[in-house]
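Letter by letter, the chains look like this.
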Amino acid sequence: MVMRLDAPAGHLINRQKIVTFKFEGKTYKGFDGDTVASALMASDQRVFSRSFKYHRPRGIMSLNSLDANTLVQIGDSPNRFAERVPIVDGLDVKAQNYWGSLLKDNLNIIGRFGRFLPAGFYYKAFYKPGWTWPIWANIIRKIAGLGVLNPNAPHKYYDKEYLFYDVVVVGAGPAGLSASIEAAKSGANVIVIDEDQAPGGSLNWGRASIEVDSDKSVRDKLLDEVEENENIRVLASSSVIGRYPDNWLAVVSSNRLIKLRARSLVVATGCWEQPIVFRNNDLPGIMLGSAAQRLIHMWGVKPGKRAVVATSDDHGYGVALDLVDSGVEVAAIVDLREDPDRTELSAEVQRRHIPIFPGRTPWEAVPSADGLRVSQLRVAKILNPGVCAREVDSFSCDLVVISAGWFPAAPLIRQAGGKLNYDENSGSTSIEGLDDSVFAAGGLVGHSCIDSAAANGRYVGMIAAKKIGLSSDSDLIDVSPQYASKVHPWPIFDHPKGKAFVDFDEDIQVHDLQMALKEGYSHIEHLKRFTTNGMGPSQGRHSSLPAMRLASKHLGLSLDSTGMTTARPPNALVTFGHLAGRIFEPVRYTSIHHRHIELGAKMMPAGAWLRPEYYGSSKEKDRLIREEALNVRQNVGLVDVSTLGGLDICGPDAAEFLNRMYTFAYLKQPVGKSRYVLMTDLSGVIIDDGVACRFSDEHFYVTATTSGVDAVYRQMLWFNAQWRLKVDITNVTASYSGVNIAGPKSRDILERLCSDVDLSPAGFPYMGVREGHVAGIPARMLRVGFVGELGYELHVPAHQGEALWDALMEEGQEESIRPFGVEAQRLLRLEKGHIIISQDTDGLTHPIEADMAWAISRKKPFYVGLKSVSILEGKPLTRKLVGLELSESNSTIPKECHLVIDGSNITGRITSIGYSPVLKKVVALAYVAPHQSDPGSEVEIRVDEGEIVQATVVKLPFYDPDGKRQEL
Amino acid sequence: MKIIECPLNGPRNAQEFVFGGDVINHPNPHLISDDQWANYVFIEENRAGVVQEWWCHVPTAYWFIAERDTVKDEILRTFDPSEIYKERIDYNRPEVEAQSQDTKNNKVGEVNSTNKETGSSI
Amino acid sequence: MVETLDPSSLTNRSFLYRQHIKSGAVFAEMGGFAVPLNYGNPDSETEASSNMGLVDLSHLPRTGFKGWDAAKWLVSNGCKVGDGSNVTTEQACYSRAMRLAPSEVAILGDLNAESSLVNDLDMTWSSHRSDGVFHVPRASTNCWLKVTGKYAPSMFAKICAVDLRPQVFGIGQVAQTNIARLNCIVVRHDIDAVLTYDILTDCASADYFWSALLDAMEEFSGKPIGISALKSLSVNI
Amino acid sequence: MAFGLLKYGLNPRFQPKQFLRDSKDLKSSYDVVIIGGGGHGLAAAYYLARDWGITNVAVLEKGWLGGGNTGRNTAIIRSNYLTPEGVDFYDESLKLFKGLSRELDYNILYSERGHFTLAHTDAAIRTSRWRAEVNKHLGVNSEVVYRDDLARMVPLLNLSEEVRYPVLGALYHPPGAIARHDAVAWGYAGRAAEMGVELHQNTEVTGIEVEDGTVVGVETNRGRISCGRVLQAVAGRSSEVSRLAGIDLPIRSVPLQACVSTPVKPILDPIIVSGSLHVYISQSDRGEFVMGGSTDPYPRYQTSSSLDFMEGLMGHLLELFPFMSEMPVLRQWAGLADMTPDFSPVMGKTPVNNYYIDAGWGTWGFKATCVSGKRMAETLATEKTPNILKPFALDRFRTFDLVGEKGAASVGH
Ligand SMILES: Cc1cc2nc3c(=O)[nH]c(=O)nc-3n(C[C@H](O)[C@H](O)[C@H](O)COP(=O)(O)OP(=O)(O)OC[C@H]3O[C@@H](n4cnc5c(N)ncnc54)[C@H](O)[C@@H]3O)c2cc1C
Ligand SMILES: NC(=O)c1ccc[n+]([C@@H]2O[C@H](COP(=O)([O-])OP(=O)(O)OC[C@H]3O[C@@H](n4cnc5c(N)ncnc54)[C@H](O)[C@@H]3O)[C@@H](O)[C@H]2O)c1
Ligand SMILES: Cc1cc2nc3c(=O)[nH]c(=O)nc-3n(C[C@H](O)[C@H](O)[C@H](O)COP(=O)(O)O)c2cc1C
Ligand SMILES: [Zn+2]
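Numbers given for residues are sequential positions, taken from 1 along each chain in its written order. Here chains are named by letter from A upward and ligands by number from 1 upward, in the order in which they appear as written. Whole-chain, interface and lining totals are the exception, using all residues; otherwise, since this is a predicted model, local features are given only for residues with pLDDT of at least 70 and side-chain atom pairs are given and counted only at 80 or more. As a rule here, side-chain values come from all non-hydrogen atoms in the structure, and water together with hydrogens is ignored.

Draft legend 1. Quick look at the overall build of chain B. Secondary structure elements are defined from DSSP: runs of H or I of at least 4 residues count as helices, runs of E of at least 2 residues count as strands, and each element is numbered from the N terminus. Scanning chain B from N- to C-terminus turns up 2 helices and 6 strands. Put simply, chain B runs from its N terminus to its C terminus through helices and strands in the order β-β-β-α-β-β-β-α. Looking at chain B residue by residue over its 122 residues, the buried ones come to 57%. By definition, residues are in contact when any of their heavy atoms lie within 4.5 Å. A separation threshold of at least 6 residues defines the contact pool for chain B, and within that pool the share at least 24 residues apart is 52%. Surface accessibility of chain B: about 5000 Å² in total, with carbon and sulfur atoms responsible for 47%. The rule is simple: take the accessible area with a 1.4 Å probe, protein chains only, and divide by the maximum for that residue type; under 20% is buried, over 50% is exposed, in between is partly exposed. The protein chains shown are the only cover counted for residues, whose accessible areas, like all others here, come from Shrake-Rupley with a 1.4 Å probe.

Draft legend 2. Spotlight on the site of ligand 3. When at least one non-hydrogen atom of a residue lies within 4 Å of a molecule or strand, that residue is treated as near it. For ligand 3, the set of nearby residues contains 16 residues, the closest of which are Gln539(A), Arg568(A), Gly71(D), Glu288(D) and Arg331(D). This site is not confined to one chain, since residues near ligand 3 come from chains A and D. One of the side-chain N or O atoms of Gln539(A) is found 2.7 Å from an oxygen atom in ligand 3. Calculation on ligand 3 without its partners gives an accessible area of 600 Å², and the protein chains cover 97% of this total. Of all the secondary-structure elements, those providing two or more residues to the shell around ligand 3 are α12 (524-531) of chain A together with β17 (329-339) of chain D. The element best represented in the shell around ligand 3 is β17(D), accounting for 3 residues. Throughout, the ten residues Ala, Val, Leu, Ile, Met, Phe, Trp, Tyr, Cys and Pro are labelled nonpolar, Asp, Glu, Lys and Arg are labelled charged, and all others, Gly among them, are labelled polar. Classifying every residue of the shell around ligand 3 by side-chain character gives 4 nonpolar, 5 polar and 7 charged. Throughout, the edges of the domains are those of an automatic or database domain assignment. Residue-level mapping places the shell around ligand 3 at the junction of two domains, with at least three residues from each of domain 1 (26-75 + 182-250 + 342-409) and domain 2 (111-177 + 253-338) of chain D. As used in this structure description, the phrase polar contact means that two N or O atoms lie within 3.5 Å; if the pair is within protein, one of them must be able to donate a hydrogen and the other to accept it, and residues adjacent in sequence are counted only when both atoms belong to side chains.

Draft legend 3. View of the arrangement of the chains. The top pair by number of contacts, from a total of 5 pairs of chains in contact, is chains A and D. Between chain C and chain D there is no contact, and the shortest C-alpha to C-alpha distance separating them is 11 Å.

Draft legend 4. Molecular detail of the interface of chain C and chain B. Taken together, the contact between chain C and chain B spans 12 residues of the former and 9 residues of the latter. What counts as buried area is the accessible surface, traced by a 1.4 Å probe, that two parts surrender upon association, with contributions from both included. Both sides of the chain C and chain B interface together cover about 720 Å² of buried area, and 45% of this is carbon and sulfur. Where chain C touches chain B, the interface holds 5 residue pairs in polar contact (both at pLDDT 80 or more). For the side of chain C that touches chain B, the secondary structure elements donating two or more residues are β6 (96-101) and β10 (174-179) of chain C. If you tally residues by element for the side of chain C that touches chain B, the top one is β10(C), at 4 residues. For the side of chain C that touches chain B, the class distribution of residues is 6 nonpolar, 6 polar and no charged.

Draft legend 5. Representation of the sheet that holds strand β14 (residues 271-274) of chain D in the model. Residue and element names in this part refer to chain D. Paired strands are those between which DSSP finds at least two bridges. Judged by pairing direction, the sheet is mixed, and its 8 strands sit side by side in the order β6-β7-β5-β14-β15-β16-β13-β17 without closing on themselves. Every other strand in the sheet has two partners, leaving β6 (143-146) and β17 as the edge strands with one partner each. Strand-to-strand twist of the sheet, defined as the mean angle between neighbouring strand axes without regard to direction, takes the value 20°. Alignment of strand β5 (residues 115-119) against strand β7 (residues 169-173), held across 5 bridges, turns out to be antiparallel. The residue of β7 that forms the bridge with His-115 is His-173. Structural elements are reduced to axes, namely lines fitted to C-alpha atoms, with helices fitted over the stretch in contact, and the angle between N-to-C directions of any two is expressed from 0 to 180 degrees.

Draft legend 6. Structural context of the pattern of salt bridges. Salt bridges are defined by distance alone: a side-chain nitrogen of Lys or Arg within 4 Å of a carboxyl oxygen of Asp or Glu. Following the criterion strictly, the structure yields 120 salt bridges over all chains and no others. For Arg588(A), the salt bridge identified is with Asp202(C), shortest N-O distance 2.7 Å. Taken together, the residues Arg588(A) in the loop between α15 (576-580) and α16 (593-598) and Asp202(C) in strand β12 (residues 196-202) connect one chain to another. A salt bridge links Arg68(B) to Asp73(B), with the nearest nitrogen and oxygen atoms 2.9 Å apart. No difference in accessibility class separates Arg68(B) from Asp73(B), as the two residues are buried. A single network of salt bridges, built from pairs that share partners, joins Arg207(A), Asp322(A), Asp325(A), Glu348(A), Arg351(A) and Arg352(A).

Draft legend 7. The arrangement of a nonpolar patch on the surface in detail. The patches reported here contain residues having more than 30% relative accessible area and no salt bridge. Joining distances are 9 Å for like charges and 5 Å for nonpolar side chains (Val, Leu, Ile, Met, Phe, Trp, Tyr). There is a patch of nonpolar side chains on the surface, built from Trp131(A), Ile135(A) and Ile139(A) and spanning about 340 Å² of accessible area. Within the secondary structure, Ile135(A) sits in helix α3 (residues 132-143).

Draft legend 8. Layout of the pairing of strand β6 (residues 77-81) of chain A. All names here are of chain A. Most of β6 sits inside the fold, with 5 of its 5 residues counted as buried. In the sheet, strand β5 (residues 71-74) pairs with β6 via 3 bridges, with the strands oriented antiparallel. Bridge pairing in β6 links Ile-74 to Ser-77. Adjacent in sequence and paired antiparallel, β5 and β6 are bridged by 2 residues, among which Gly-75 carries a positive phi angle near 55°.

Draft legend 9. Inspection of the interface of chain A and chain D at higher detail. Contact residues are listed per partner, giving 111 residues for chain A and 93 residues for chain D. Both sides of the chain A and chain D interface together cover about 9000 Å² of buried area, and 60% of this is carbon and sulfur. The largest per-residue losses of area from chain A upon contact with chain D belong to Arg141(A), Arg568(A) and Phe576(A), which jointly make up 11% of the total buried on that side. Linking chain A with chain D are 10 salt bridges. The salt bridge partner of Lys875(A) is Asp401(D), with a shortest N-O separation of 2.7 Å. Counting across the interface, chain A meets chain D through 52 residue pairs in polar contact (both at pLDDT 80 or more).

Draft legend 10. Main features of the site of ligand 1. All names here are of chain D. In the vicinity of ligand 1 there are 38 residues, among which His-40, Glu-61, Asn-69, Thr-70 and Lys-367 approach most closely. Within the backbone of Val-205, one N or O atom sits 2.9 Å away from a nitrogen atom of ligand 1. At 3.0 Å from an oxygen atom of ligand 1 is found a main-chain nitrogen or oxygen belonging to Gly-365. Relative to its unbound accessible surface of 1000 Å², ligand 1 loses 97% to contact with the protein. It is strand β13 (residues 252-261) that provides the largest number of residues to the shell around ligand 1, a total of 3 residues. Of the residues that constitute the shell around ligand 1, the class distribution is 15 nonpolar, 17 polar and 6 charged. Here the shell around ligand 1 spans two domains, since at least three of its residues come from each of domain 1 (26-75 + 182-250 + 342-409) and domain 2 (111-177 + 253-338).

Draft legend 11. Summary view of unusual backbone geometry. Cis geometry marks the peptide bond from Pro569(A) to Pro570(A); its omega dihedral reads -5°. Tracing the backbone shows Pro570(A) in the loop between α14 (559-562) and α15. Although it is not a glycine, Leu109(D) sits at a positive phi angle of roughly 55°. For Leu109(D), the location among the structural elements is in the loop between α4 (100-104) and β4 (111-112).

Draft legend 12. Geometry of the packing of aromatic side chains. Ring pairs shown here join Phe, Tyr and Trp side chains whose ring centres sit within 6.5 Å, with only the six-membered ring taken for Trp; geometry is labelled stacked below 30 degrees between planes, edge-to-face above 60, and tilted in between. According to the stated counting rule, one finds 59 aromatic pairs over all chains in the structure shown. Over the aromatic face of Phe501(A) sits the side chain of Arg58(A), whose NZ or CZ is 5.1 Å from the ring centroid. Directly above the ring of Tyr298(D) sits Arg300(D), whose terminal nitrogen or CZ lies 5.2 Å from the centroid. Two conditions define a charge sitting above a ring: the NZ of Lys or the CZ of Arg must be within 6 Å of the ring centre, and it must be within 35 degrees of the ring normal.

Draft legend 13. Region of the structure containing helix α22 (residues 822-831) of chain A. All names here are of chain A. Counting buried positions along α22 yields 10 of 10 residues, so the element is predominantly enclosed. Taken as a whole, α22 has its buried residues at Val-822, Glu-823, Ala-824, Gln-825, Arg-826, Leu-827, Leu-828, Arg-829, Leu-830 and Glu-831. Two residues or fewer after α22 comes Gly-833, characterised by a positive phi angle close to 75°.

Here it is in structure tokens:
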């Protein structure tokens, strides 16, 4: 740790605790409290990674995630800001984006061809002849990209937290801390959030006066006050990544995404220091003043040995003093101002004999022989904005500190509706248009001196609490900035030889922007997208202002009219894992679920539920399904139908209500009977079906499809919110577990388990419904025929569903009862020609083409899709659902959704198909053209590999056309 | 996330709600032409500005009406549908009850003045 | 000494009884259900009950009524019902009536299952149905869980977007909302000085929900606790 | 490498030609006024000039060219639609796209990647097969692939059966591609301008003058202009603009969001879409993952981005690619999608004479930029609707002749 300073420098590190980590396979040491960046710098390791396009060596520039130079790979995590990652023992850090080695990247020759690769070069090349582009594209892809994603990386643990505060303060600098203190005085619950490792903001590293620790004493006083106040919570190392409507904030804090609702929001995010643009301004060793100060004060790291400080305001003088105090030789202060203000700091600098060069700027940095760091700075006199004299003064140095002033850190403010205005004369900024309950404070609104930032913070804290009706004794008045933070109007010095970088992330040079402007990409949004300036990982935090300046100059517009590109979240690093959190995917089990598992069922998703597809090994799927189905036809089967929707519709208008919701007629439906229900939407399209069981005059129990019931229920409530019928609708889907015991022997079993219902064919006929007990369990009993055999659907309270299943399975042993799954059920109903909504219908199917005109009542005045259905009925049919039979000789069995072909036309498709073990042939439901729909018609189906299979249209149902078996 | 003030449950995150479309009176299908009906079914007002629309609080399956500015995405007011839909609505065939039916529908239309008039504008 | 009962010997089964078996529950019968008395470590469960515990109360009686006359009907049948919505009214027998909406009330039985209120109301309703009053089968629709202990608000903060901290969410207050993406009814019901919350949610999602809660509780050392630990919180529950 | 780059590189004083041109003054009248300077409007302008020699054309754009959905979309191009009319239409577009870089002499970075629509349910497998069969019938390359195929073709995909919605198979469409969306707009704009089309940015249409059922002029924030024919191609503002002409549309404007990650080295070649999980993802040439999902849950005229979207998207994405949990997000944004009831566009004539519409592009219209531009230009020039556009006429909603795309499109990009 050759660059480490002695205490008290480095208040974040604990020198007692040494931490060992790896960078590029080599072991490094640092202290507890160090970040990867500070620890590497302490070991004089200045090159962190290679740049995006030219593979140039890069190191610390802002040390505040304002640039992508310090992006490194941490284990499996690509693209991490080295300054935001604390070191821990064993941490494995790698540099990114080099070919060969970090220090000798074979691809940095791309830089030599830089002239041939202006921004947007790819739009102008590589596409002639056409076949060459894919080859180029592959090369470009490999050169681009930064870190590496490991396809075997584990999905780490992330979670979330919802928090509520009266006042949320973002930024724990003098303004933010003061705001929180003042807001808390009113009794408000306050949280103050900062992305730095410790609260204090710029007070952690700034030097506003000649005393080294004047800032720190202000900080300590504020922090004491904060500490003492129970109403304030401080959250450090946490970034606010976005502000969303109604003051909803997303905060990343270690492995947690905090979602925070602020009644009142104070944004005190301070300012970002602006770079100076000159040739080779990206060399390692060239950094912002605040970066140098962070290194010194927060981590006790000496940023270099011999420095040149280039600044456009007083701040650079403070940095120079810090450097000197840290044992860095300061060769010169280059002041971009012609006539610098004389201040306490500048006087001290002079007292220490640091030469000052006013009216000058860095013009070119010269790399060391290995090209890996700055070795000399050439400084020139500024003649006009951006234009320099020819003569240069050269200073040899290994550190260049640059500072072109301060610009508001405004993304959050802009996400809250605020607009940043820039006053070109004074160089200061202001904010307007903020949403209600959002306030800006401190450096952000121009308070660049500690006292005024703190005073303004206090005032804003008070106002923020008042806004939500909380007030304290304080009666503060706002202060105006003592001197406003300013940005230098033109810190951009293009060099004829180029390499004056505006955007470090994307390797965008001044020249690139100028070319793009001339080519007409001059709207600020075009400029951004064409050059990709500001589109890299730092999202324009260091580059958007210079790009705006270049555009505004080209267009002859003010900065305000040139505009800024949109500030979008996230404002800081957030991973997919943070956003996903714990993955909550509710799954619904029927009460019989665990029995299915015990029976070896293969489960399949059905809406939110899981249902047994069939029972047994997937290798024997087809045989098992046939056996399950055949057993229903021959003996008796048991299927879990709990997932079917269930709705209790009660009240004097219950029948009228069903009459409106469904196509059939229900007013005269007898008590004790069930009736088919078919629902169409407003446009006449079939959307659901089921049966309606009338248990009393005023009570229907209606079933709906598994995945449709929630929507059906909601629709019903919606319609009745308008119709105001005397009816009450309850979704009882989860309340009832259901089984269908089906097959010729089902009655025998039931008779032994049910004593309070007359189960004789006359006493409980087909389509009858009863209430009784089965195995002592209260049951709604429905004699329905979906699978076309004698059968009973038994709906019992869910907590007794498993017991019912157990009782039936046990009692049915003699009759060879066997559970059957969804697949067998599908096959059985296919044999009966019953449709399944959304399998045999699609997003446009109306009842007529589904051959369900029989389910429409013509007499009643209204149902939801009535008029649409009658309009559709008036049009010529384009397709019709029919039954198909395949002759046995056919070897290939078509699959569902294979097409029905007529010459070169598609006339329909198979919707359901299967080999019927009882009929011993393949049967199907299919749409065909009307002219093909008469029984006896031959149709052609094209199956996989293009083979054509013949089928014959037959009358439905395929099995038991008279329905004798279900009516047994 | 937006907060929506549910008349039944108070302010809640928008995630608890589903959107149910503009508040438009369902016309009596017997009193309008096929074209008007097609308009009712398919055409959307889709207004940039203040609209009245249906929202449902999912955990309670409760439908209510909100006035929302679709440009600012600000909810100005929420209320129970009974403020607009005060009485039972029927859609009988005109030959059965033409007169009385007509007036009933109009009444609903009047209360809810921002609604599309049934039929005519579509 | 409690005999360990095979829960499948009873026809009433909690939606979670396999979870209980997995967690080593010692069962006793209550109202036809097998109820976990403890999970093998009564002492630590007692401790957890005031820090972070999870109890399955699905065996307890509960019911619901809705309809335009439901509230009136309940009052006429001796049940106290609060005004407005999302409020709870405690009955003399420690049962609670939660007014979920002007036209809907859910009744939770007392924790000892001693009160017959739920059963009485159900019987009354099924023997003489009344216009505008409809039964909601809460007992079979919802599982009933109880989250206990001082960390409950912090735990909820991880999975529920409604602010359930005691300073804002009063005793008896009801929230019908989403927890871990599931529709739930949550009601605060402190037992003596210990914060507890009852949750009614979809019984079919009970397995999912139970795991989601335990996952969220882990950082607070939360765990399932039996009915004995719950009873240790107070003499008069 | 192209000549242009050499010229640029070798001559330090090289002055590039202005390619993107913002015309200065509005004339008082144009033969054709195109409202909306998105990809569709610009393509129509280009083809009007190139195919029909009509160059007295003004494109009026209220913001900046390509700044609407054209600048916001995730640039997926495919033709594996469900209905024959859809397949024919998008296939023509795909063919135009393939040759577009050379046609425009401007590289749009068309990158053929292969497109997988994952199926997590039986029903989805059936729909995949339906699409594949229709595609094959019409000569479009699509097939259903199953788990073992996927394990080979997309080894990164999580094929575990232990997840909530295991992947059962996919519809594989080898021609599926991505392109640089902005370049498409710029290329059309630049070349149209070269042929004399005027491009007016910051020019908002605020009124439309209709006389005796015929459009005669448009009001703008920069004054009134008379016009022969008008093409409205304003995507997310379709209802509001057409209302100015007295035309009501079957459209809801719903935000659609997307996001990108920071760039990493190439790892994912194909485009992966899961309808059941409402996510899709591809990796761009720059190395970012470009991701999106379904439209926002309610309509609004706003393109702000939301946290819920990101949370939902990532929850689902990590089910498919758990190893991505450490990827950082770079940026999220939104556009405004015109949703129609049948997930198909509205193109062609309107009840107002000389007023043509190109709308209803929902979440799927980028890939149609070429064909709609070309065919709408033809419609305006000839006053006849080409067969390929006929199924998409506005009138279909009056006659209940909807297009059946909805079944295939849970995330229909
Ligand atoms: C996030 C997202 C992802 C998408 N992904 C895909 C995808 O992967 N594949 C795909 O095919 N499609 C995709 N789409 C859809 C696709 O982006 C659009 O359908 C397509 O870009 C529409 O192009 P356009 O030219 O019609 O509209 P736009 O590009 O929106 O252009 C319309 C223009 O009209 C202007 N305008 C509006 N009102 C006026 C007025 N009054 N006067 C003057 N000008 C006006 C607007 O400013 C705008 O520039 C996506 C959309 C979004 C939002
Ligand atoms: N030495 C100098 O010349 C100089 C330069 C600039 C500012 N300052 C001082 O800064 C003071 C301004 O104080 P201030 O309190 O307004 O700003 P500040 O810079 O002190 O504090 C802002 C804080 O906000 C945090 N922050 C920013 N964005 C964030 C986000 N999205 N999430 C979480 N945290 C975020 C930063 O980490 C920083 O700590 C003035 O007193 C001025 O003297 C000094
Ligand atoms: C396919 C695609 C890729 C994008 N890649 C990036 C990117 O790499 N960096 C970036 O900052 N933005 C990227 N964007 C987003 C744009 O910066 C911008 O957010 C989007 O065009 C919407 O505009 P707006 O944010 O200005 O409203 C991308 C957008 C699209 C459509
Ligand atoms: Zn989802």
